[in-house]
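# Structural characterization, general
So you can see what is in the structure, the chains are spelled out below.
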Amino acid sequence: MSEKISTAPIEHRAEAVKAALVDTGLVSAQMFDDVAEIAESWKPENGAHVVARAWTDPDFMDRLLSDATAACAEFGYAGPQGEYIVALENTPTCHNVIVCTQCSCTAWPVLGLPPDWYKSPEYRARVVREPRRVLAEMGLNVGKDVSVRVWETSAETRYLVIPMRPNETEDWTLDQLAALVSRESMIGVAVAGRP
Ligand code: FE
């Protein structure tokens, strides 16, 4: 018979862990404040601006594909979990999707912290085995004539998927284009487009 385990709300548990770490001197209270401050700058809107720029500036696209870490740093998007970023360009014949099968790695400076579904054991286990089915379940049907590449992100290498630019956006501004780029599209479980 399984025993039901009751747990305190996540906020209470987080506070308890924080207090224990500070009390034992393993981590300073200041470090928590510093990380919380930096974390506010980690958001997918950063990556969306990188993608919009790449769509409109072929030279930047070249730089992004050859050295995404340096290209993202041009915008100031750098730092923890962004030390080595690799950009993957979606094309009409190739769709890229990323996963961290070990845990939950994303390129924090451009994608932000990972969403819950990305951390789920189900996504991590299944997207490597049956990516088309998982993508379809998430609302993205990839055509049979399009190859699907699944990339294992890791502590060392963080990927950024560059979704394809939607049609009929030739005259759009950078901000308008960036608004089409969701976090999900930069993970590769969605395409860029109107929300
Ligand atoms: Fe991870």
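Above this text is the structure in question.
The sections below set out a description of the structure shown in this document.

Criteria and cut-off values
- Residues numbered from 1 in each chain as written.
- Predicted model: local features only at pLDDT ≥ 70, side-chain atom pairs only at ≥ 80, totals over all residues.
- Heavy atoms only, no water.
- Helix = DSSP H or I, 4+ residues; strand = E, 2+ residues; numbered from the N terminus.
- Buried < 20%, exposed > 50% of the residue type's maximum accessible area, 1.4 Å probe, protein only.
- Areas by Shrake-Rupley, 256 points an atom, 1.4 Å probe, with all protein chains shown as cover.
- Lys, Arg positive; Asp, Glu negative; His and termini not counted.
- Charge placed at Lys NZ, Arg CZ, Asp CG, Glu CD.
- Axes fitted to C-alpha atoms, helices over the stretch in contact; angles between N-to-C directions.
- Parallel < 35°, antiparallel > 145°, perpendicular 65-115°, else oblique.
- Left-handed = near helix turned anticlockwise from the far one by under 90°.
- Contact = heavy atoms within 4.5 Å.
- Nonpolar A, V, L, I, M, F, W, Y, C, P; charged D, E, K, R; others polar.
- Patch = residues over 30% accessible without salt bridge, like charges linked within 9 Å, V, L, I, M, F, W, Y side chains within 5 Å.
- Salt bridge = Lys/Arg side-chain N within 4 Å of Asp/Glu carboxyl O.
- Pairing = 2+ DSSP bridges.
- Core = buried A, V, L, I, M, F, W, Y, C linked by side-chain atoms within 4.5 Å.
- Donors = N, O, S within 2.8 Å, 3.2 Å for Na, K, Ca; no water.
- Phe/Tyr/Trp six-rings, centres within 6.5 Å; stacked < 30°, edge-to-face > 60°.
- Lys NZ or Arg CZ within 6 Å of the ring centre and 35° of its normal.

## With respect to the overall build of the protein
When helices and strands are counted, the protein shows 11 helices and 4 strands. Along the three orthogonal principal directions, the C-alpha set of the protein runs to about 55 × 45 × 30 Å. Residues classed as buried in the protein amount to 36% of the 195 residues present. Counting only carbon and sulfur atoms, one obtains 54% of the accessible surface of the protein, whose full area is about 11400 Å². The average position of the 18 basic charges and that of the 28 acidic charges among the side chains of the protein differ by 8 Å.

## Describing the packing of helix H3 (residues 44-56) against helix H4 (residues 58-66)
The N-to-C vectors of H3 and H4 enclose an angle of 125°; their axes lie 5 Å apart at closest approach. Compared by their axis directions, H3 and H4 come out oblique. Regarding H3 and H4, the two cross each other, and that crossing is left-handed. Seen from H3, the contacting residues are Val-50, Arg-53, Ala-54 and Thr-56; seen from H4, they are Pro-58, Phe-60, Met-61, Arg-63 and Leu-64. Grouping the constituent residues of the contact of H3 with H4 by class yields 6 nonpolar, 1 polar and 2 charged.

## Quick look at unusual backbone geometry
Negative phi is the rule for most residues except glycine; trans is the rule for most peptide bonds. Although it is not a glycine, Gln-81 sits at a positive phi angle of roughly 60°. On the secondary structure map, Gln-81 appears in the loop between helix H5 (68-73) and strand S1 (85-89). At Glu-168, a residue that is not glycine, the phi angle is positive and equals roughly 60°. Tracing the chain through its elements places Glu-168 in the loop between strand S4 (158-162) and helix H10 (174-178). Owing to a relative accessible area of 69%, Glu-168 belongs among the exposed residues under this scheme.

## So, a negative patch on the surface
Side chains of Asp-33, Asp-34, Glu-37 and Glu-40 sit close together on the surface and give a patch of like negative charge. One can find Asp-33 in helix H2 (residues 29-39).

## Here's the deal with the pairing of S4
Here S4 lies mainly inside the structure; 5 of its 5 residues are buried. Because side chains alternate across S4, one face comprises the buried residues Arg-158, Leu-160 and Ile-162, and the other comprises Tyr-159 and Val-161, equally buried. Of the pairings in the sheet, the one linking S1 to S4 comprises 5 bridges and is parallel in character. Paired with Leu-88 across the two strands is Val-161, which belongs to S4.

## Points about the nonpolar core
If you look at the biggest cluster of nonpolar residues, it comprises 44 residues, and the most contacted ones within it are Val-50, Leu-64, Ile-98, Val-110 and Tyr-123. The dominant element in this core, judged by the number of residues it contributes, is H3, at 6 residues. Those residues in contact with Tyr-123 that sit more than four places away from it in its chain are Val-97, Ile-98, Val-99, Trp-117, Tyr-118, Val-134, Met-138, Ile-187 and Val-189.

## Details of the coordination of the iron ion
Coordination of the iron ion by the protein involves Cys-100 (SG), Cys-103 (SG), Ser-104 (N), Cys-105 (N) and Cys-105 (SG), with metal-donor separations of 2.1 to 2.7 Å. Counting residues between consecutive donors of the iron ion along the chain gives the motif C-x2-C-S-C. Accessibility expressed as a relative area gives 22% for Ser-104, which makes it partly exposed.

## Focus on the packing of aromatic side chains
As enumerated under the stated definition, the model contains 7 aromatic pairs in all. With a centroid separation of 5.3 Å and an interplanar angle of 55°, the aromatic rings of Trp-151 and Tyr-159 are classed as tilted. Relative accessible area serves as the criterion here: at 27%, Trp-151 is assigned to the partly exposed category. Here Tyr-159 falls in the buried class, since its relative accessible area comes to 12%. Taken together, the aromatic side chains of Phe-60, Phe-75 and Tyr-77 make up a single cluster linked through ring pairs. Stacked on the ring of Phe-60, the Lys or Arg Arg-53 has its end atom at 5.0 Å from the ring centre.

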